[in-house]
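# Fold and geometry: a report
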Amino acid sequence: MLRIRTKKEIKDVFLSLLQIHHEGFSESKEQVLQNLSDCQQAAVAVGEQLERELTDSAEIVHILENYCEVIFQISQDLQSVADQVPQLDQMIQMVADRVSVLPAKYQILFMPYKAAMWDSLESIWMAAVKDPDCDCKVIPLPYFELDPEKKEMQERYEGDRFPSYVPIVHYEDYSLPQELPDVIYIHNPYDDCNHVTSIHPSYYSKELKKYTQKLIYVPYFVTSGFYSQDQRVLPAYYHMDHIVVQSEHYMHEVDGIFYYDKILPLGSPKLDHVIRICKEGGNIPGDWKTLIQDKKVIMLNTSIGQTLSDTGAYLSKLQYLFDYFKNRADVVLIWRPHPLLKATLQSMRPEYAGQYEALLSAFQKQKVGILDQTPDLASTIAVSDAYIGEISSSVVNLFGAAGKPQFMLNNYVYEDYMEAEKRRIVIGDICEGNGHTWVSTSIGLFEKDRDWEHLRFAGRVEEQAHWNSAYPYAAVAGRKLYLSPLMSTKPAVYDTETEQFAYLPDLIGETDLKCRQVFVYKEHTFYLSCDAKAIYEYDITQKSWTKHTGCMTEWKKGAQFPYYEDTFAYRIRGNELFVTASYSNRILKFNLENGQYEFLKVGEDGAGFSGIELIGEELWLAEVHSGRIVRCSFSTKSYAIIEMPQEFQVWQAIYGRRLAHTEIWQMGDYVVTVPGFSNGMVKIDRRSGEAVMLLPELWKLPENRINGFNSKAVLNAGFSRKLDENTLYVQRNCDAALLKINVTQETCEECHPVMSKESLAHLMQGEDGFEKADTTADFSRKESPFFSLGGFVDDLVGDRLEQVKIRQKEALRTMAANLDGTCGEKVHAYVRKELDAEYRKAGRNGED
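Conventions used here
Residues numbered from 1 in each chain as written. Predicted model: local features only at pLDDT ≥ 70, side-chain atom pairs only at ≥ 80, totals over all residues. Heavy atoms only, no water. Helix = DSSP H or I, 4+ residues; strand = E, 2+ residues; numbered from the N terminus. Buried < 20%, exposed > 50% of the residue type's maximum accessible area, 1.4 Å probe, protein only. Contact = heavy atoms within 4.5 Å. Areas by Shrake-Rupley, 256 points an atom, 1.4 Å probe, with all protein chains shown as cover. Lys, Arg positive; Asp, Glu negative; His and termini not counted. Charge placed at Lys NZ, Arg CZ, Asp CG, Glu CD. Pairing = 2+ DSSP bridges. Axes fitted to C-alpha atoms, helices over the stretch in contact; angles between N-to-C directions. Phe/Tyr/Trp six-rings, centres within 6.5 Å; stacked < 30°, edge-to-face > 60°. Lys NZ or Arg CZ within 6 Å of the ring centre and 35° of its normal. Salt bridge = Lys/Arg side-chain N within 4 Å of Asp/Glu carboxyl O. Polar contact = N/O pair within 3.5 Å; in protein donor to acceptor, adjacent residues only side chain to side chain.

Along the protein chain, the regular secondary structure elements total 22 helices and 45 strands. For the protein chain, the spread of C-alpha atoms along the three principal axes comes to 120 × 70 × 60 Å. For the protein chain, the residues scored as buried account for 55% of the 848 residues in total. Considering only contacts in the protein chain between residues 6 or more positions apart, those separated by 24 or more positions represent 61%. As displayed, the protein chain has an accessible area near 37,700 Å², and 48% of this comes from carbon and sulfur atoms. Placing the 90 positive and 122 negative side-chain charges of the protein chain at their respective mean positions leaves the two points 4 Å apart.

This is the structure in structure tokens:
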């Protein structure tokens, strides 16, 4: 098939030949002979190109051969050149007329490397294949993969693993320099920067770009709408003409980046694939159909990462799930463990390999459900009615696109919650104002009525998440509580007299603020973003915002920034704000009056700090990993280190996080720490520096600990607050007990904050638990004291989730564009339109 590019090139060649005919034959003899030779070579090149691209080019080639013969005759008798020009013109025009009516196509290459990732390109290919003006070729690339045993790269090629309906061209049978395709689509952006899997260097993006008009990268994965830091700048981005992303939301995250204008926020072909398979019904094995019949089907996803994060706990969770579904005859559980999970456990967690194999065997022997070992996840999604599993898996996003309800498991819950557990309150913040005590939490705002055993539910901001920490922290100013937007889209305020919630004026350009710490200074409220995006300052009088970003941008430079590390704690002295970050050994010193700032570097690089105290001319800091206390002199800049007691222990939580202390407090002559992932509080004598454990018996797990608590996943203590120089509030997370500790006397009074029964009923009224935590989150119900696995299954079986599906579709608009399955069509249409415009423009320029 003739290429559109070839037609354009032939047109350009013929224009040049006509110009030579009329201008190049009146020069010197040597120049005329050279021009004749150029004409002959051009005609031969055109003929050879047409022979390569056309199945029947004989007539046109014959005219070109005659043209070359006339050229030769002229070269033998230059006196006849003027007489022969009309004949030369006529022959060129004859060829041009015939070429102009020939059908022509763009050539589009799809160059995947792994067959399992073909779904990230497939829907674009399907759209292009249907286009009569496009010639599509799928050319799987050779790649190298690290052999973990031999410690060397092994060459791989998967051209024989693609679906049978996809025609494959072997890479050795295609020449990029000769073919020069109009468009190349790739799904590997790493070039030489991936040391585990690498495309053959001949096909790195910088090499491909040499031979194509448009190089387009399509991600091989799906997310909830955002991309991690390590995916924002990759080698291919420097050479591509476009990158396809899921939604407009991603563009907001990378505003100003060098490839911003190349972004196509049109969705994901992976989502197209799932949507298509669900519409078609999928390829369901016959034995599955026999088991399923008319029952509801739930898929359980088990990933390697989830299992390795806390293997013992997760295997216990699997046992709990299998015991539950074994007794549910009205549903079918499809369990889809990662195919490499067994081998991974044998290699990395050998002490658990036997337990996993026993679970696997029992699942099959006891006929708990269907063990899914099929290669096509999309077909499993098609047959499933719902998803249960982890929140971090990309499978969640595929189920969301398919319109299937999702239930996120808590791997530390192994039994149903009791009524008393549902009423327990985990404190985020406590505010005193107008004679009232207000308690902000992850599920709403409460008022301390008579005592801690009778908290009254005051309400929550209706348009925001109800169950996912929308506003767990607050600060008081007069009759107003200023609520800090952690997992919400807007800052809000609560009027304690009218008992009404309201939004503050919009903070332009900001939707996911991720703020925790909030405080009022004079007539201004300050919010500190956890992810060091900005310090947001709200002028209460003027009702206006100031966004301080320079200090945070500078703070993050050169610092490692794992997702679980953040801007941590603060203290205020006069008009100076001091803030710690768990990812940096630099302390931010910020002037609350004028926004000027500087950084105080303390200790060694690579350290980070959580708690902070200002004591006289000294800065006291809690080191994140070890728990050591660093006391630094403002005047001399020197610092000393206070070691923790020998009995003090700090451990690594799941996903590798370490956080020894959540806070430190000056309590008279002492400094007291509040435990994070550690075994208790430490009391430090300010004068001598002696450190001892404070009331260590408080931190031994009580019998009535909360269902779902695990010290590897949940901090030992969350909320803490200094009441006076001797007394400290600390909430113990394992049982939600509020400890009132007298530091000097080393005594403790204990109570359990709980909401009233009426407040629990009010809290649950009209609630089903399905929501998005923020614009980048999934739409799901999460296992908690308020929403159980059994409740989810009952709702599914009882067909009570139909309205949820409608809300889910609306909520996931920020996750991806074109959730009707048309991303591939939209991408192809956009690229085709660009190609047409560019060739039309090139054609006009050629005519000029």
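Still more to cover.
With that out of the way, let us pick up the sheet that holds strand β25 (residues 524–529). Pairing in this open sheet of four strands is antiparallel, and the strands run β24-β25-β26-β27 from one edge to the other. Either end of the sheet is taken by a strand with one partner, and the two such strands are β24 (515–521) and β27 (544–548). Sheet twist, expressed as the average angle between the axes of neighbouring strands with direction ignored, equals 20 degrees. Judged from the five bridges that link them, strand β26 (residues 535–539) and β27 form a sheet pairing that is antiparallel. From the neighbouring strand, Tyr 538 faces β27, where its bridge partner is Trp 545.

Relative to the elements of secondary structure, Asp 83 occurs in helix α4 (residues 81–100). Note: C-alpha distance between Asp 83 and Ala 104 (21 residues apart in sequence) is 35 Å.

What follows covers the packing of aromatic side chains. Using the criterion set out here, one finds 39 aromatic pairs in the structure. Judged by centre distance (6.4 Å) and plane angle (80 degrees), the ring pair of Phe 110 and Trp 118 falls under edge-to-face. Each ring, one from Tyr 597 and one from Phe 599, has its centre 5.8 Å from the other, and the planes form 70 degrees; the classification is edge-to-face. Look at Phe 599 and you get buried, because its relative accessible area is 17%. Members of the aromatic cluster, each reached through a chain of ring pairs, are Phe 110, Trp 118, Trp 125, Phe 162, Tyr 165 and Tyr 185. It is Arg 460 that lies over the ring of Trp 467; its NZ or CZ is 4.8 Å from the centre.

The next subject is the side chain of Lys 404. Locating Lys 404 in the fold gives a position in the loop between α16 (395–401) and β15 (406–408). It is Asp 385 that comes nearest to the buried, bridge-free Lys 404 among opposite-charge side chains, at 5.5 Å. Among the polar contacts listed, one links the side chain of Lys 404 to the backbone oxygen of Ser 384, at a separation of 2.6 Å. If near-sequence neighbours (up to four positions away) are discounted, Lys 404 is found in contact with Cys 278, Ile 381, Ala 382, Ser 384, Asp 385, Ala 386, Phe 399 and Gln 808.

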